[in-house]
Amino acid sequence: MSDEVPYYCSAEALWDVEGEEDVDLPVTNLTGGEDGPPDMALDPAWFWKNGEKIKVRFLDGSPVLQARVRTYAEEWEKYANIDFVFVTEGNASIRVRFKNPRDPKDKTTDSQLGTGAKKFVIDQNQPTMRLYSLNDDTKDDEVCRVVLHEFGHALGCVHEHQSLAAKIEWNEEQVFADAKKFYHWDKEKARNQIMKVNEQATLHSSFDPKSIMCYMIPPKWTKNGRGVKKNLTLSETDISFIRKAYPFRTRNAGRLSVVPEIRPIYPPLALNSKVIDFDPPYTATPRVVLGLTLLDASHETNVRVHLHTPSESERGKASFTLNLDAWADTKLYNAAATWLEFSRGEVEYEVGEYNTLDTRPNFRQPALPSPDNPGLRRDISHVDFRKGKYTSPPNILIWLTAFDFDNRYNWRVRAAAHNVTASGFDVVIESWGDTTLYSAAAEWVAYPKDQAGVLSGRVSSNDYRNWFPAQAGNQGKVRFAVPFERLNPKVFMALSELDMDSSRNLRVKVYADRVSSEGFTWHGDAWEDSLLYSVGADWIAFG
Ligand SMILES: [Zn+2]
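- Looking at an unreviewed UniProt entry, one finds the chain named Peptidase metallopeptidase domain-containing protein and attributed to Dichotomopilus funicola.

## Section: the overall build of the chain
- Broken down by element type, the chain carries nine helices and 24 strands.
- Summarising the internal contacts of the chain: among those between residues at least 6 apart in sequence, 79% fall at separations of at least 24.
- For the chain, the computed accessible surface area is about 24700 Å², with 49% contributed by carbon and sulfur atoms.

## Quick notes on the sheet that holds strand S21 (residues 490–500)
- Read across the open sheet, the seven strands follow the order S13-S14-S17-S16-S21-S24-S19; overall the sheet is antiparallel. Edge positions in the open sheet fall to strand S13 (368–370) and strand S19 (454–460), since each of these has one partner strand only. Averaged over all pairs of adjacent strands, the angle between strand axes in this sheet comes to 35°, irrespective of strand direction.
- In this sheet, strand S17 (residues 424–432) lies alongside strand S16 (residues 411–418) in antiparallel orientation, the contact comprising five bridges. When the sheet's bridge partners are listed, alanine 416 is paired in S17 with valine 428.

## Observations concerning unusual backbone geometry
- Here the amide bond leading from valine 259 into proline 260 is cis, since omega sits at 0°, within 30 degrees of zero.
- Cis peptide bonds are those with omega within 30 degrees of zero, and the linkage from tyrosine 266 to proline 267 qualifies with 0°.
- Of note, proline 267 is situated in the loop between helix H8 (258–261) and strand S7 (273–277).

## Focus: the packing of aromatic side chains
- Scanning all chains against the criterion turns up 24 aromatic pairs.
- Measuring from ring centre to ring centre gives 6.4 Å for phenylalanine 385 and tryptophan 444, while their planes differ by 65°; the resulting arrangement is edge-to-face. Taken together, the residues span a long stretch of sequence, with phenylalanine 385 in the loop between strand S14 (373–384) and strand S15 (395–405) and tryptophan 444 in strand S18 (residues 437–447) at a distance of 59 residues.
- Owing to a relative accessible area of 5%, tryptophan 444 belongs among the buried residues under this scheme.

## Topic: the environment of phenylalanine 248
- Mapping phenylalanine 248 onto the fold places it in the loop between helix H7 (236–245) and strand S6 (255–257).
- The exposure class assigned to phenylalanine 248 is partly exposed, which follows from its relative accessible area of 24%.
- Separated by 95 residues in the primary sequence, phenylalanine 248 and serine 343 place their C-alpha atoms 9.8 Å from one another.

## Looking at the packing of helix H2 (residues 63–73) against helix H4 (residues 140–154)
- Between H2 and H4, the shortest axis-to-axis distance is 9 Å and the interhelical angle comes to 60°. The angle between the axes of H2 and H4 places the two elements in the oblique class. Of the two possible hands of crossing, H2 and H4 adopt the one that is right-handed. Packed against H2, whose contacting residues are Arg68, Val69, Tyr72 and Ala73, the element H4 presents Asp140, Val143, Cys144, Val147, Leu148 and Phe151 at the interface.
- Class assignment for the residues of the contact of H2 with H4 results in eight nonpolar, no polar and two charged.

## Structural notes on H4
- Counted at 1.5 Å a residue, the expected span for H4 with its 15 residues is 21 Å, and the 20 Å between its end C-alpha atoms agrees.
- Among the residues trailing H4, glycine 156 stands out with phi positive, at a value near 110°.

## Some remarks on the environment of leucine 292
- Counting through the fold element by element, leucine 292 comes out in strand S8 (residues 287–297).
- A relative accessible area of 1% places leucine 292 in the buried class.
- For the pair leucine 292 and alanine 337, spaced 45 residues apart in sequence, the C-alpha to C-alpha distance is 4.5 Å.
- When residues no more than four places from it in sequence are discounted, the contact partners of leucine 292 are Val305, Leu307, Leu324, Ala336, Ala337, Leu400, Thr401, Ala402, Phe403, Ala494 and Leu495.

## A word on the sheet that holds strand S3 (residues 94–97)
- The sheet built from five strands is open, its strands ordered S2-S1-S3-S5-S4 with mixed pairing. The open sheet is flanked by strand S2 (83–87) and strand S4 (109–111), the only strands paired with a single partner. Each strand axis lies, on average, 25° off the axis of its neighbour in the sheet, ignoring direction.
- Both S4 and strand S5 (residues 129–131) contribute to a ladder of three bridges, which runs antiparallel. Looking at S5, one finds that aspartate 110 is bridged to arginine 130.
- Strand contacts of H4: strand S1 (53–58), S2, S3, S4 and S5, with the helix running at about 25° to S4, the strand carrying the most contacts.

## Some details on the confidence of the model for the chain
- Of all residues in the chain, 89% attain a pLDDT of 70 or more, and the chain-wide mean is 85.
- Segment residues 1–42: pLDDT under 50, and 109 contacts once partners within four positions in sequence are set aside and those in other chains are kept.

## Brief notes about the nonpolar core
- One finds Leu295 and Phe403 to be the most contacted residues of the largest nonpolar core, which totals 61 residues.
- Each residue touching leucine 295, except ones within four places of it in the same chain, is listed here: Val305, Leu332, Asn334, Ala335, Phe403, Leu495, Leu506, Arg507, Val508 and Trp527.
- Formed by 36 residues, the second largest nonpolar core is a distinct cluster that contains Tyr72, Ala80, Ile82 and Phe151.

## A word on helix H5 (residues 172–183)
- Taking 1.5 Å of rise per residue, the twelve residues of H5 would be expected to cover 16 Å, and the 16 Å separating its terminal C-alpha atoms lies within 8% of that figure.
- For H5, the complete set of buried residues consists of Val175, Phe176, Asp178, Ala179 and Tyr183.
- Immediately downstream of H5, the backbone of histidine 184 shows phi near 60°, a positive value.

## Some points on the pattern of salt bridges
- This model, assessed by the stated rule, comprises 29 salt bridges.
- Residue glutamate 430 is joined to arginine 378 by a salt bridge in which the shortest nitrogen-to-oxygen separation is 2.7 Å. Here the residue glutamate 430 occupies a position in strand S17, and arginine 378 occupies one in strand S14, the gap between them amounting to 52 residues.
- Assessed through its relative accessible area of 4%, glutamate 430 is described here as buried.
- For arginine 378, a relative accessible area of 19% corresponds to the buried category.

Reading the values: rules and limits
- Residues numbered from 1 in each chain as written.
- Predicted model: local features only at pLDDT ≥ 70, side-chain atom pairs only at ≥ 80, totals over all residues.
- Heavy atoms only, no water.
- Helix = DSSP H or I, 4+ residues; strand = E, 2+ residues; numbered from the N terminus.
- Contact = heavy atoms within 4.5 Å.
- Areas by Shrake-Rupley, 256 points an atom, 1.4 Å probe, with all protein chains shown as cover.
- Pairing = 2+ DSSP bridges.
- Axes fitted to C-alpha atoms, helices over the stretch in contact; angles between N-to-C directions.
- Phe/Tyr/Trp six-rings, centres within 6.5 Å; stacked < 30°, edge-to-face > 60°.
- Buried < 20%, exposed > 50% of the residue type's maximum accessible area, 1.4 Å probe, protein only.
- Parallel < 35°, antiparallel > 145°, perpendicular 65-115°, else oblique.
- Left-handed = near helix turned anticlockwise from the far one by under 90°.
- Nonpolar A, V, L, I, M, F, W, Y, C, P; charged D, E, K, R; others polar.
- Expected span 1.5 Å × (residues − 1).
- pLDDT = per-residue confidence, 0-100.
- Core = buried A, V, L, I, M, F, W, Y, C linked by side-chain atoms within 4.5 Å.
- Salt bridge = Lys/Arg side-chain N within 4 Å of Asp/Glu carboxyl O.

As structure tokens, this is what we get:
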């Protein structure tokens, strides 16, 4: 791949292409017809699960040629949350073959569309991608072009020149004649592979002649003599498209701090909000799960904080508003939050929230003591998962998003999942001792225990020390049960438990550092004169 390739196929430049460039006719095409999907719509059904590890196996080819294909295929991974796992044995969803064993002259180059590979080619000895035009002598830019294009199909991308936006005025007779001459295609196949407009391909807003998914079009194939040059690398539109189709989870930092991103620490203001752009935007409003990671509030008044975002129906695909608010006379100096984003397609994940005001609207009336432990007072909300969602009890992560504490008593709160079964669980928010917790809220995520590429857990200072005496710095090492294959998983962590002395300001933060494929170090810290008896956090890691 090189930068000196002339990319002047933008709309204007494209129309200036003159004369007949005696360049190769397109060799790439999409498997259709008998053994493929009849219409190559951008139906989400053809997309792999976001984050999926897709096994790829070569059925033949020299190690050098295989390595070249692998290199260019992996170019897509920079922009798509997809992991091509190249295997040498065992079952693989994508199988690549370089030679037609029955016809060595066959130059067919094609691929099944997306998950069609699993549906339409069952035999593990048969290819889902045929790269018969490539061999050890093929030039690099040609290998790059063909591999990017065919792996684009394998990811679910359709032909750009067949998109609704292309509006190409074909010189049909010429296309038919050349298709017959060069490919031995009949009229129907020429129409299907080259000229037929894909009505459902609506994700591209405008025609991108630079797309790797666009055929080279000789000028004589169009009525107005406007052609499309051969594209050798991913265009900006290809990149933005694939990033939308397979978004990396929480592409942004997943972190917002009131100070300094919204305002200085002084004076403390109650209402703090910021619009966070999803980068890139989603194709449908994603679900967002929030958690508090840092608080700095005065002990002179009750501590009331609420981290929230508008409900899903009031949010958009491109951004969301994060609010870190206090109310009444609370002095909130600083607060910070993290969040997780789950696209609609990530159906394995269920998310939700619970505010104790939903079950105990009269917040002055204390929560009921726990029958099994009278020292604990609990607010409980039962969650039913969607029917048939999980076949065994899922993992659950819970993050605190709000609380309203009386400042005359110590601040103690804990959120946890109890009685987890395949059909549901109880969100439990509890306090203990003489604490007066008027209200609190938490958000949760559930996902199958065997979900690939994600791990979660809970850490607490209670795991290794007594609550007394208070200690400002708390930390520990977390070792992943199974190391991640990629070097640096993303770790998100927020408060799930807190016990602090109300004679000092409430200053606490939780975070993870030294993240590696093996694990990370967690921290739960207070600062200045704050007294931190215990602190706990739930974490989730994606790799
Ligand atoms: Zn193609």
